[in-house]
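The primary structure of each chain is shown beneath.
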Amino acid sequence: MTLTASAPVSAAVNAASKRIFNFSAGPGVLPDEVLRQIQADVWDIAGSGIGILEHSHRGKVVDRVWEEAERDCREVGNIPANYKVLFLTGGATSQNHMVPMNLFPKGGQWKTADYIISGYWAQKSFDEGKKLLPGLGGEAHVAATSEDRNHCYIPDKFNFSANPAYVHWTSNNTIFGTEWPSEPPIPEGVVSVCDASSDIYSRPIDVTKYGLIYAGAQKNLGPAGCTVVIIREDLLERCPKDVPTMLQYRVHAKDGSRHNTPPVFAVYATGLVFKWIKSQGGLAAMQKRNQEKAAIIYDVLDSSKFYRGHADKAARSLMNITFRTLSEQLDEQFVKEAKAAGLDGLKGHRSTGGMRASTYNAFPRAGCEALAQFMRDFERKHG
Ligand code: PMP
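Residues numbered from 1 in each chain as written. Predicted model: local features only at pLDDT ≥ 70, side-chain atom pairs only at ≥ 80, totals over all residues. Heavy atoms only, no water.

S.K.: Please explain unusual backbone geometry as it appears in this structure.
M.R.: Trans peptide bonds make up most of the peptide bonds, and negative phi angles are found at most residues other than glycine. Residue P27 follows G26 across a cis peptide bond; omega there is -5°. Here P27 is to be found in the loop between strand 1 (21-22) and helix 1 (32-43). The backbone phi angle of N78 is positive, close to 50°, even though this residue is not glycine. Residue classification places N78 among the exposed residues on the basis of a relative accessible area of 62%. One non-glycine residue with positive phi stands out, namely S257, at about 60°. (Helix = DSSP H or I, 4+ residues; strand = E, 2+ residues; numbered from the N terminus. Buried < 20%, exposed > 50% of the residue type's maximum accessible area, 1.4 Å probe, protein only.)

S.K.: What is the right way to look at the site of the ligand in this model?
M.R.: All residues in the neighbourhood of the ligand are listed as G91, A92, T93, W121, T170, N172, T174, D195, S197, S198, Q218 and K219. Measuring from an oxygen atom of the ligand, one finds a backbone N or O atom of A92 at 3.0 Å. Residue W121 places a side-chain N or O atom 3.5 Å away from an oxygen atom belonging to the ligand. Examining the composition of the shell around the ligand, we find that 3 residues originate from one element, helix 3 (residues 91-103), more than from any other. Split by residue class, the shell around the ligand holds 2 nonpolar, 8 polar and 2 charged. (Near = heavy atom within 4 Å. Polar contact = N/O pair within 3.5 Å; in protein donor to acceptor, adjacent residues only side chain to side chain. Nonpolar A, V, L, I, M, F, W, Y, C, P; charged D, E, K, R; others polar.)

S.K.: I'm lost on the sheet that holds strand 3 (residues 112-117) in this one. Help?
M.R.: Note: strands within a sheet are paired through backbone hydrogen bonds, in either parallel or antiparallel orientation. Taking strand neighbours across the sheet as the criterion, the 7 strands line up as 2-10-9-8-5-3-4 in an open arrangement whose pairing is mixed. Single-partner strands in this sheet number two, and they are strand 2 (83-88) and strand 4 (139-145). Across this sheet, the average inter-strand angle for adjacent strands is 20°, counted without regard to direction. Contacts from helix 3 reach strand 2, strand 3, strand 5 (164-170), strand 8 (192-195), strand 9 (212-216) and strand 10 (227-232), with the element oriented near 155° to strand 9. Most of the contacts of helix 4 (residues 120-132) go to strand 3, to which it runs at about 160°, and overall it touches strand 3, strand 4, strand 5, strand 8 and strand 9. (Pairing = 2+ DSSP bridges. Axes fitted to C-alpha atoms, helices over the stretch in contact; angles between N-to-C directions. Contact = heavy atoms within 4.5 Å.)

See the structure below:
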């Protein structure tokens, strides 16, 4: 059985892999080395005679996959022993209800949970908090927002509530292309909850500053289907026992992320990406590479009157680079011609329009160079 071929692969391909450059915002590009390993392991993993898609989640092979994925995740992120690493399902979006259900016990000492609205996904998190918290005797409070200028900057004025159960924020705004240069000034002792879906492990992180970090794997860590949650141990006990079993972090922590049949393949592939990050020199090396890659594209924006970036310079994301040309018509033309030239996935999200180049960890530098060249050529032709 074969899938029907779409357009033939263009000439402007990644010379090493013979694949085109994939700027998709997620699911996004995976490292070549990881994909090659997956190809082999789908047939037969670790000489077991059975492929990774077919192994029991209670068997020895998956035991080892689990141990290594957690060990490597901890090593890469320098995660202290008093934090649990969980591999869950439901995507980052499911954390929008799991966070309040676990960290905002009804009848507890808290009356508010704070949200920083720095973009589209942060807004979604707030909306879910606003829906759930009243039923728990609380209220979702906006501690800061950048909505007034269509989220082109990182909020810099804060109005935290007196005693919030947690402050929820989003470290990289995938759609608007902005990223926090450092953590927001969350009051001492307040639990910081971070949606790091689109920049986790793209730079060093000090986990001790967080109560909970979560990320859908499908951008920087692996395929869709695995959601990584890093949670400080003491927070596991905040969750009321009457919360549905599958929605309690405590249960997943106790059962090692195997309370029921987990997304074995997604966790296995995410584990390979942790190994790949280690082999590349870890998070400091990732950061250096990501800075260099993004600069190749931002340099074109800065030296042109034809292109306009969405994000203020100080708020620019290293992961998602958002920009426009002089008109919507030219934007469309840009995306079309780029695709024909082997540069795929550049259409911006419908809420921002224009273009978005996602340059996650596994995205190759050669792809950034190819896009920069394409941008210059396109400007010459249409500017
Ligand atoms: N948060 C952020 C920052 C995202 O970029 C995304 C997905 N693009 C989500 C949340 C939602 O993730 P999921 O589709 O895994 O629920």
